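Observations on the model geometry
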Amino acid sequence: MSENERGLIIVHTGAGKGKTTAALGIAFRAVGQGLRVLMVQFIKGSWHYGELDAARLLGEDRMRILPMGRGFVKVGVEKPDPADVRLVEEAWQFAREEIFRGEYDLVILDEINYAISYKMLEAEKVVEALKSKPEGIHVILTGRNAHPSLLEVADLVTEMREVKHPFQKGVLAQRGIDY
Ligand code: ATP
Ligand code: MG
């Protein structure tokens, strides 16, 4: 690590599209710089996203994506399903260990904000880990409604704002753009 280099804590939040794809954009750039990237997906699990195959094309030693959820979780007034909570806890344990292991230069915690806002994971645990993480490791946290304590600990926060989305006129997710 040169004098200028430091690991950043980056948050992509907001209701507009682009939180995960912006993280993948950084991942692509990082791989080009010889950095190693890990993306842990906290919620995704059932759909097949194009980035899973793209990561394999780059080579799993450069970029690894691990879906550790089971797709869309049921939310609302009810408490989250304990099975989903367990998956989130496992994903967090794994991601935390990987951040501290230092094998990856960039660790993306995809949709972790969603898991926190639905009370499947405590924000304090994540903040504590981020504060004590190895200095050179970059971490990106994505998802709507990022917890205020995460915004505080972050170095870079971007909020995606929806101006227009095809969904508004009934156009569903497009292959290669949305998945
Ligand atoms: P993407 O993965 O495309 O960057 P995202 O991470 O910003 O999206 P999520 O909250 O993770 O958004 O939503 C995942 C899915 O919902 C994606 O298929 C995405 O295209 C879609 N989506 C994102 N924003 C909107 C929106 N404002 N209206 C409708 N669908 C959306
Ligand atoms: Mg996303």
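This report concerns the structure included in the present document. (Residues numbered from 1 in each chain as written. Chains lettered and ligands numbered in written order. Predicted model: local features only at pLDDT ≥ 70, side-chain atom pairs only at ≥ 80, totals over all residues. Heavy atoms only, no water.)

This part takes up the coordination of the magnesium ion (ligand 2). The magnesium ion (ligand 2) binds to the protein through Thr20 (OG1) and Glu111 (OE); the donor distances cover 2.0 to 2.1 Å. One end of the pair, Thr20, is in helix H1 (residues 19–32); the other, Glu111, is in the loop between strand E4 (106–110) and helix H4 (112–117), with 91 residues separating them in the sequence. By the burial criterion, Thr20 is buried, and Glu111 matches it. (Donors = N, O, S within 2.8 Å, 3.2 Å for Na, K, Ca; no water. Helix = DSSP H or I, 4+ residues; strand = E, 2+ residues; numbered from the N terminus. Buried < 20%, exposed > 50% of the residue type's maximum accessible area, 1.4 Å probe, protein only.)

Here we come to the sheet that holds strand E5 (residues 138–142). The 6 strands are arranged E3-E2-E4-E5-E1-E6 in an open sheet whose pairing can be described as parallel. Looking at the sheet topology across the chains shown, the edges are occupied by strand E3 (63–67) and strand E6 (156–159). Pairwise comparison of adjacent strand axes, ignoring direction, gives a mean angle of 10 degrees for this sheet. By the bridge criterion, 5 bridges tie strand E2 (residues 37–41) to E4 in an arrangement that is parallel. For Leu38, the partnering residue across the bridge sits in E4 and is Val107. (Pairing = 2+ DSSP bridges. Axes fitted to C-alpha atoms, helices over the stretch in contact; angles between N-to-C directions.)

So, about the layout of surface pockets. By volume, the second largest pocket is sized at about 450 Å³. No other element matches the 3 residues that H1 contributes to the lining of the second largest pocket. Among the residues forming the lining of the second largest pocket, the class breakdown is 9 nonpolar, 3 polar and 4 charged. (1 Å grid on protein atoms, 1.4 Å probe; cavity = no way out; pocket = protein on both sides within 12 Å on 5 of 7 lines; lining within 4 Å. Points joined across faces, edges and corners; volume = space filled by probe spheres on them. Nonpolar A, V, L, I, M, F, W, Y, C, P; charged D, E, K, R; others polar.)

Our focus in this paragraph is the site of ligand 1. For ligand 1, the set of nearby residues contains 13 residues, the closest of which are Lys17, Lys19, Glu111, Glu162 and Asp178. The separation between an oxygen atom of ligand 1 and a polar main-chain atom of Gly16 is 3.5 Å. Taking Lys19, its main chain carries an N or O atom lying 2.8 Å from an oxygen atom of ligand 1. When ligand 1 sits alone it has 570 Å² of accessible area, and the protein chains cover 83% of it. In terms of residue class, the shell around ligand 1 is made up of 2 nonpolar, 5 polar and 6 charged. (Near = heavy atom within 4 Å. Polar contact = N/O pair within 3.5 Å; in protein donor to acceptor, adjacent residues only side chain to side chain. Areas by Shrake-Rupley, 256 points an atom, 1.4 Å probe, with all protein chains shown as cover.)

No statement about biological role is implied by the geometric values presented.
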